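One letter stands for each residue in the lines below.
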Amino acid sequence: MPAKGKHRRPKQNPITRKLALAGTGGAALTLPLISATTAGAAGTGAPAAAVTAVTAATAAVNVATAPPTTYSVVAGDTLSEIAADHSVSGGWKQLYEANRGVVGDNPSVIRPGIKLTLGAQVKAATAAAPAVKAAAKPAASYANNLDGWIRESLDVMAKHGIPGTYNGIHRNVMRESSGNPKAINLWDINARNGIPSKGLLQVIDPTFKAYHVPGTSTDSYDPVANITAACNYAAARYGSIDNVNGAY
């Protein structure tokens with residue numbers, strides 16, 4: 001702390017997807033996206049988030065260095081109830097081992113008035129470790145191209161339990177749209193019915209809406225949303241996108 005009456009002048013700190021369109025492929029799949037632009041920017045806030053998590057973890061570790069908390073036994077208490085009420089790591093057995101000297105040889109008999117060491121801080125320190133690991137893990141980054149869109153979709157699918165492989169998706173994309181996310185079929189039966197097939201996997205709007213996966217764009221042209229909804233539909237209808245139209 002600076003001497004009384006003196007003031008320090010604060011220092012000033014300086015603050016510091018374009019696609020070659022290709023024609024649509026064969027018959028539409030008529031299948032029911034975090035957008036690639038969003039995905040590309042996903043890592044922007046990662047450093048700040050990591051610092052916050054590490055700071056929180058450090059605070060938890062610092063708490064662990066404080067003296068252990070204690071509990072004064074009252075009539076009717078049991079070690080199992082105390083361990084459960086205070087979330088003691090290791091349960092009543094660990095609580096007993098840590099307090100054998102004051103409890104005695106019989107863990108079923110505890111005298112009112114004795115003080116038990118709970119050791120809650122040990123649990124707090126242990127809980128801090130995952131926070132540090134999570135902070136150290138970098139945010140996923142995807143290329144703004146077909147490869148990146150498929151990989152991002154596969155990650156979304158994995159979180160929702162939707163089956164499918166990279167090869168199965170890529171094969172169907174190339175047949176349906178030749179990799180053009182803006183592809184649209186304006187001549188088949190769906191188009192004549194006013195619901196043309198759109199996007200990488202040529203999905204009609206009703207199917208897209210029915211099988212849209214939360215966390216992806218609601219724009220059926222969005223590459224990741226289109227792929228993910230199509231794979232969700234294919235899983236319900238055929239078991240997997242891998243089973244659609246077989247292999248070349």
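Residues numbered from 1 in each chain as written. Predicted model: local features only at pLDDT ≥ 70, side-chain atom pairs only at ≥ 80, totals over all residues. Heavy atoms only, no water.

A. The arrangement of helix α11 (residues 223–238) in detail. An ideal rise of 1.5 Å per residue puts 22 Å on 16 residues; α11 measures up with 21 Å between its terminal C-alpha atoms. Listed in full, the buried residues belonging to α11 are Pro223, Val224, Ala225, Asn226, Ile227, Thr228, Ala229, Ala230, Cys231, Tyr233 and Ala234. Considering only its buried residues, α11 is in contact with α7 (146–160), α8 (166–176) and α10 (205–211). Directly after α11, the chain includes Gly239, whose backbone phi takes a positive value near 100°. (Helix = DSSP H or I, 4+ residues; strand = E, 2+ residues; numbered from the N terminus. Expected span 1.5 Å × (residues − 1). Buried < 20%, exposed > 50% of the residue type's maximum accessible area, 1.4 Å probe, protein only. Contact = heavy atoms within 4.5 Å.)

B. Layout of the packing of aromatic side chains. The full count for this structure, using the stated rule, is two aromatic pairs. Judged by centre distance (6.4 Å) and plane angle (80°), the ring pair of Tyr233 and Tyr238 falls under edge-to-face. Assessed through its relative accessible area of 37%, Tyr238 is described here as partly exposed. Ring pairing ties together the aromatic residues Tyr211, Tyr233 and Tyr238, which thus form one cluster. (Phe/Tyr/Trp six-rings, centres within 6.5 Å; stacked < 30°, edge-to-face > 60°.)

C. Just the pattern of salt bridges, in detail. Following the criterion strictly, the structure yields four salt bridges and no others. Among the ionic pairs, Asp147 bridges to Arg151, the shortest N-O distance being 3.0 Å. With Asp147 and Arg151 both in helix α7 and four residues apart, the pair spans about one turn of that helix. Residue classification places Asp147 among the partly exposed positions, given a relative accessible area of 30%. On the basis of relative accessible area, Arg151 is assigned to the partly exposed category, the value being 44%. (Salt bridge = Lys/Arg side-chain N within 4 Å of Asp/Glu carboxyl O.)

D. Inspection of the nonpolar core at higher detail. One finds Ile169, Ile227 and Cys231 to be the most contacted residues of the largest nonpolar core, which totals 22 residues. Considering every element that reaches this core, the biggest residue donor is α11, with seven residues. For Cys231, the contacting residues outside a window of four places in its chain are Met157, Ile162, Ile169 and Ile241. Judged by nonpolar contacts, the second largest core, of 13 residues, contains Tyr71, Val73, Ala83 and Ile110. (Core = buried A, V, L, I, M, F, W, Y, C linked by side-chain atoms within 4.5 Å.)

E. Molecular detail of the confidence of the model for the protein chain. Taken as a whole, the protein chain shows an average pLDDT of 76; of its residues, 63% reach a score of 70 or greater. Low pLDDT, under 50, characterises residues 1–27; the stretch is placed with 28 contacts to residues that sit more than four places away or in other chains. For residues 31–46, every residue scores under 50 in pLDDT, and the model assigns this stretch 48 contacts once sequence neighbours within four places are set aside. (pLDDT = per-residue confidence, 0-100.)

F. Representation of the packing of α7 against α11 in the model. Across the interface, α7 lies against α11 with an axial gap of 9 Å and an inter-helix angle of 50°. If you check the angle between α7 and α11, you find them oblique. Handedness of the crossing formed by α7 with α11: right-handed. Counting all contacts with α7, which are made through Trp149, Ile150, Glu152, Ser153, Val156 and Met157, the residues of α11 involved are Pro223, Val224, Ile227, Thr228 and Cys231. Classifying every residue of the contact of α7 with α11 gives eight nonpolar, two polar and one charged. (Axes fitted to C-alpha atoms, helices over the stretch in contact; angles between N-to-C directions. Parallel < 35°, antiparallel > 145°, perpendicular 65-115°, else oblique. Left-handed = near helix turned anticlockwise from the far one by under 90°. Nonpolar A, V, L, I, M, F, W, Y, C, P; charged D, E, K, R; others polar.)

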